[in-house]
Amino acid sequence: MAGNKTEGGNAAFHNFNNDFAHIDDPHERRRLALEKIDNASFGWYHIRAIMVAGIGFMTDSFDIFAINIATSMFAYVYWGSSIGGDATIPSSTGTLIKVSTSVGTVIGQLFFGWLADAVGRKKIYGSELMIIIAATIGQTIIGESPAITFVGTLVFWRIIMGIGIGGDYPLSSIITSEFATTKWRGAIMGAVFANQGWGQLLGGIVSLVCVAAWKNTLIEAEDVSQCVGPCITAIDQMWRILIGIGAVPAVSALYFRLTIPETPRYALNVEESAEPNEKSQPGEIQEVTDNDSAPSTKEEEEYQVPKASFKDFWSHFGQWKHGKILLGTAGSWFLLDVAYYGLSLNNSVILGAIGYAGQSNVYHNLFNICVGNIILTCAGAIPGYWFSVATIDTLGRKTIQLGGFIILTAIFCIIGFAYDKLGDHGLLALYVLAQFFCNFGPNVTSFIYPGEIFPTRYRSTAHGMSAASGKIGAIIAQCVLGPLINHGCPADQKNCWLNHVMQIFALFMLLGVFTTLLLPETKRKTLEELAETYHGEIDIGKLRHEQAKAKKAAAEGIAPEDV
């Protein structure tokens, strides 16, 4: 009996399962579907898929980036002169606001990573986007009351939003990977992740538009003490619009995510198991055609992939040859994110170096913060992302990641050991280079590697664990290493320990070189080839096809490749 038609499919994600639903044998049905996916030429179909999956990362990055600018606005509204303050947020409160998203992200990465392997990609793709939308709207309408503080409510919604953001990491990665053509899979996955750069840029542009829109109100306040009444109201409206805009891109991609078909690899490799042909004797090899159901042999039974379970997961990754790959992906992401998020510790210094910090006038201060961040994003982050996209399928994942860690080690060593000699311009140049080689390096490859190197039944779980390791690194950078920059500093001197923190980052980058050495090169290999080579999984559909070709070649006296 032929396979049943499956639901789902749209202009971004074609339902390849239904193209071969008339084939009886599920292994052959899967082989033909994957062959069509893997050998497809890059085209508009892939571009639409990149846009739908990438919207999530653009939204994620926008939300995370926007809070950095919004925090400057919070300072005027909730710690300004209207309540007798100087518009300075306590460092512990500022850290809590920024870290809350990362805490939720860890939860979302682990939970959705496991869930996508347990129930399938289709059933939950889009739900993480709905969580982000709801939490974004929730943030825009919060206020303060005698019963609850503004910070407490904001942190709650940002944790919820983080859960949605965390879910997007494994889901968008593995779905893109499982629908991508083999030749350009790295570029396609990299382009999805590179939308983070556009999200940062969009966050800067939206904040700049908000500041410009209320210029006449803000510019009258020459310092914090004069920002009262209409000035406070304007800033309060600005940050709500800034954060709220983040929901718009997410809404635009929701339909395509909710109507996605199940990926052929999950549908036919995890959900559906082959049934032996009752007409065949065990051990018999038959030619496979589009209308024949191939028999199962004793040899093939040994190749059956174990059913995913907690016991099997630990049994599989408990073996060093498999476990070292998970250690390599999770360890590299953890080490990278410590320094990647730690770079933000330099932001105030860098903005000052390019003349975009320290203004007392409220309008000019907020305007310069927005413009300065846009400049830094365009100078290092965005070019780095797209250099990775352009070269990752030619240079390879391992080359880019290894080279990135080595160069970053050198950059952080220079900053750390020659900090006092660099000057503002030297520090700016190294900061931009660090941003560039984070993205033209391990920031992109650490996202791609776990989306392709693991077997289908654990691809999402392992990706979620790797991504969560990265966010734990980010939390450590913000909560542990961040406060160290002022360790033992005199009251009139800030960031006196920043050079030592950079030295610590250099050590983390050096360790990243060794975790990268645990990983194989994956460029231009099918996901099934990777699963067979590094996880011992035999592609039964391909095995049967090759057996049938060999039998037919032997009968006709020709070479198998000529069949």
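Residues numbered from 1 in each chain as written. Predicted model: local features only at pLDDT ≥ 70, side-chain atom pairs only at ≥ 80, totals over all residues. Heavy atoms only, no water.

(A) Quick peek at the side chain of Ser207. Topologically, Ser207 is positioned in helix 7 (residues 185-213). Classification of Ser207 by relative accessible area gives buried; the value is 0%. At a separation of 2.7 Å, a polar atom in the side chain of Ser207 contacts the main-chain carbonyl oxygen of Gly204. (Helix = DSSP H or I, 4+ residues; strand = E, 2+ residues; numbered from the N terminus. Buried < 20%, exposed > 50% of the residue type's maximum accessible area, 1.4 Å probe, protein only. Polar contact = N/O pair within 3.5 Å; in protein donor to acceptor, adjacent residues only side chain to side chain.)

(B) Just the state of the cysteines, in detail. For the coordinates displayed, the defined rule picks out two disulfides. Two residues share a disulfide in this structure: Cys227 and Cys231, whose sulfurs sit 2.1 Å from each other. Judged by the sign of its S-S torsion, about -85°, the cystine formed by Cys227 and Cys231 is left-handed. Just as Cys227 is buried, Cys231 falls in that class too. Numbered in order of appearance, the disulfide-bonded cysteines of the chain are paired 1-2, 3-4. A disulfide-free cysteine, Cys370 has its sulfur positioned 8.3 Å from the sulfur of Cys210, the nearest such atom. Residue classification places Cys370 among the buried residues on the basis of a relative accessible area of 0%. (Disulfide = S-S within 2.5 Å.)

(C) Region of the structure containing the pattern of salt bridges. Per the stated rule, a full pass over the model turns up 17 salt bridges. Between Arg240 and Asp236 there is a salt bridge, with its nearest N and O atoms 3.4 Å apart. You can see Arg240 and its partner Asp236 sitting in helix 9 (residues 230-244), four residues apart, about one turn around the helix. Classification of Arg240 by relative accessible area gives buried; the value is 18%. Between Arg457 and Asp312 there is a salt bridge, with its nearest N and O atoms 3.1 Å apart. One end of the pair, Arg457, is in the loop between helix 19 (442-448) and helix 20 (459-484); the other, Asp312, is in helix 13 (residues 310-317), with 145 residues separating them in the sequence. Since its relative accessible area comes to 6%, Arg457 is described here as buried. Of the residues examined, Asp312 reaches a relative accessible area of 13% and is grouped as buried. The network of salt bridges with shared partners includes Arg30, Asp38, Arg265 and Glu528. (Salt bridge = Lys/Arg side-chain N within 4 Å of Asp/Glu carboxyl O.)

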